[in-house]
Amino acid sequence: MTSPSFMSGHAIAQIGGTIAEVQAFCKEDQPIYLAVKGVVFDVTSGKEFYGRGAPYNALTGKDSTRGVAKMSLDPADLTHDTTGLTAKELESLDDVFTKVYKAKYPIVGYTARRILNEDGSPNLDFKPEDQPHFDLKDEF
């Protein structure tokens, strides 16, 4: 595994290794992060849902956009890739993203796919998500 910077609030993309290594690194007193649509949320306040052994723990430590869209915990769906999703799944994704994740959990970062182009250059079209109900001090 490379840097533990993921655990300190940086983009998920900054941690290397396998999912098992990431999960082994996670301790009970560490924050719990997951990403949807390239936005990293701190879901620690929902540890009964996302903590170790909890029903949605499989979504954590990665960008699980496809799994959220399909309401699936299948390991093949726990990816950022939205290729082939139906209009209904994309609508569900947007709904859950806005009404669950953005409404309940503070944004702590963005994945590299969200802020960088494929060649590694900055994405000049990147715009941070609005979260007016969280104070900046609450997020960090």
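These notes cover the structure that comes with them. Counting of residues starts from 1 at the beginning of each chain's written sequence and follows it residue by residue. Where totals are concerned, whole chains, interfaces and linings use all residues; where local detail is concerned, this predicted model gives features only for residues with pLDDT of at least 70, and gives and counts side-chain atom pairs only at 80 or more. Hydrogens and waters are ignored; side-chain quantities use all the structure's heavy atoms.

Glancing now at the side chain of E89. Under the DSSP-based scheme used, a helix requires at least four consecutive residues in state H or I and a strand at least two consecutive residues in state E, with every element numbered from the N terminus. Within the secondary structure layout, E89 lies in helix 4 (residues 87–104). Three labels apply to residues, based on accessible area from a 1.4 Å probe with only protein chains included: buried if under 20% of the type maximum, exposed if over 50%, partly exposed otherwise in between. For the purpose of charge, His is not counted, nor are the chain termini; Lys and Arg are scored as positive and Asp and Glu as negative. One speaks of a salt bridge when a side-chain nitrogen belonging to Lys or Arg is within 4 Å of a carboxyl oxygen belonging to Asp or Glu. Notably, E89 is buried but unbridged: the nearest opposite-charge side chain belongs to K70, and the N-O separation is 4.7 Å. In contact with E89, other than residues within four places in its own chain, are A69 and K70. Contacts: residue pairs with any heavy atoms within 4.5 Å of one another.

Okay, helix 4 next. The α-helix winds at 3.6 residues per turn, so residues separated by three or four positions along the chain end up facing the same way. For helix 4, built from 18 residues, the straight-helix expectation of 26 Å at 1.5 Å per residue is met to within 8% by its first-to-last C-alpha distance of 25 Å. Residues of helix 4 that are buried: E89, L93, V96, F97, Y101 and K102. The length a helix should cover is 1.5 Å for every residue beyond the first.

On to unusual backbone geometry, then. If you check the backbone angles, K37 has positive phi at about 55 degrees while not being a glycine. Within the secondary structure, K37 sits in the loop between strand 1 (33–36) and strand 2 (39–42). One non-glycine residue with positive phi stands out, namely M71, at about 55 degrees. As for its position among the elements, M71 is in the loop between helix 3 (65–70) and helix 4. Given the relative accessible area of 58%, M71 is considered exposed.

Before going further, it helps to examine the sheet that holds strand 1. Backbone hydrogen bonds are what pair the strands of a sheet, in a parallel or an antiparallel way. Taken together, three strands build an open sheet; the order of strands is 1-2-3 and the sheet is antiparallel. Strands with a single pairing partner mark the edges of an open sheet, and in this sheet they are strand 1 and strand 3 (107–110). Going from strand to strand, the sheet's axes swing by 30 degrees on average, the running direction of each strand aside. Pairs of strands are assigned from DSSP output, requiring at least two bridges between the strands. Sheet analysis places strand 1 next to strand 2, joined by four bridges and oriented antiparallel. Pairing of Y33 across the sheet is with D42, part of strand 2. Axes here mean lines fitted to C-alpha atoms, for a helix over just the part in contact, with angles spanning 0 to 180 degrees between N-to-C directions.

The next subject is a nonpolar patch on the surface. Distance thresholds for patches are 9 Å for like charges and 5 Å for nonpolar side chains (Val, Leu, Ile, Met, Phe, Trp, Tyr), applied to residues having over 30% relative accessible area and no salt bridge. A 1.4 Å probe and the Shrake-Rupley method give the accessible areas. Residues count as covered only by the protein chains that appear here. Together, F49, Y56 and L73 line one region of the surface with nonpolar side chains, adding up to about 270 Å² of accessible area. Residue placement: L73 occurs in the loop between helix 3 and helix 4. With a relative accessible area of 37%, L73 lands in the partly exposed category.

Counting residues in each nonpolar core, the largest one holds 19 residues, and the members touching the most others are L34, V36, F41, V43, Y50 and Y101. Within the residue set of this core, elements represented by two or more residues are strand 1, strand 2, helix 3, helix 4 and strand 3. Counting residues per element, this core draws most heavily on helix 4, at four residues. Sequence-distant contacts of F41, defined by excluding residues within four places in its chain, comprise I32, Y33, L34, V36, F97, Y101, K102, Y105, P106, I107, V108 and Q131. What is meant by a nonpolar core is a set of buried Ala, Val, Leu, Ile, Met, Phe, Trp, Tyr and Cys residues, joined one to another through side-chain atoms within 4.5 Å.

Attention shifts here to the packing of aromatic side chains. Each aromatic pair joins two rings of Phe, Tyr and Trp (for Trp, the six-membered one) with centres within 6.5 Å, and gets the label stacked for planes under 30 degrees apart, edge-to-face for over 60, and tilted for any other angle. For the coordinates displayed, the defined rule picks out eight aromatic pairs. Ring centres of Y50 and Y56 lie 6.2 Å apart, and the angle between their planes is 40 degrees; this geometry places the pair in the tilted category. The exposure class assigned to Y56 is partly exposed, which follows from its relative accessible area of 39%. Arranged with centres 4.9 Å apart and planes meeting at 80 degrees, the rings of Y110 and F126 form a pair that is edge-to-face. With Y110 in strand 3 and F126 in the loop between helix 5 (112–115) and helix 6 (136–139), this pair connects stretches of sequence that are 16 residues apart. On the basis of relative accessibility, which here comes to 15%, the residue Y110 falls in the buried class. Residue classification places F126 among the partly exposed positions, given a relative accessible area of 24%.

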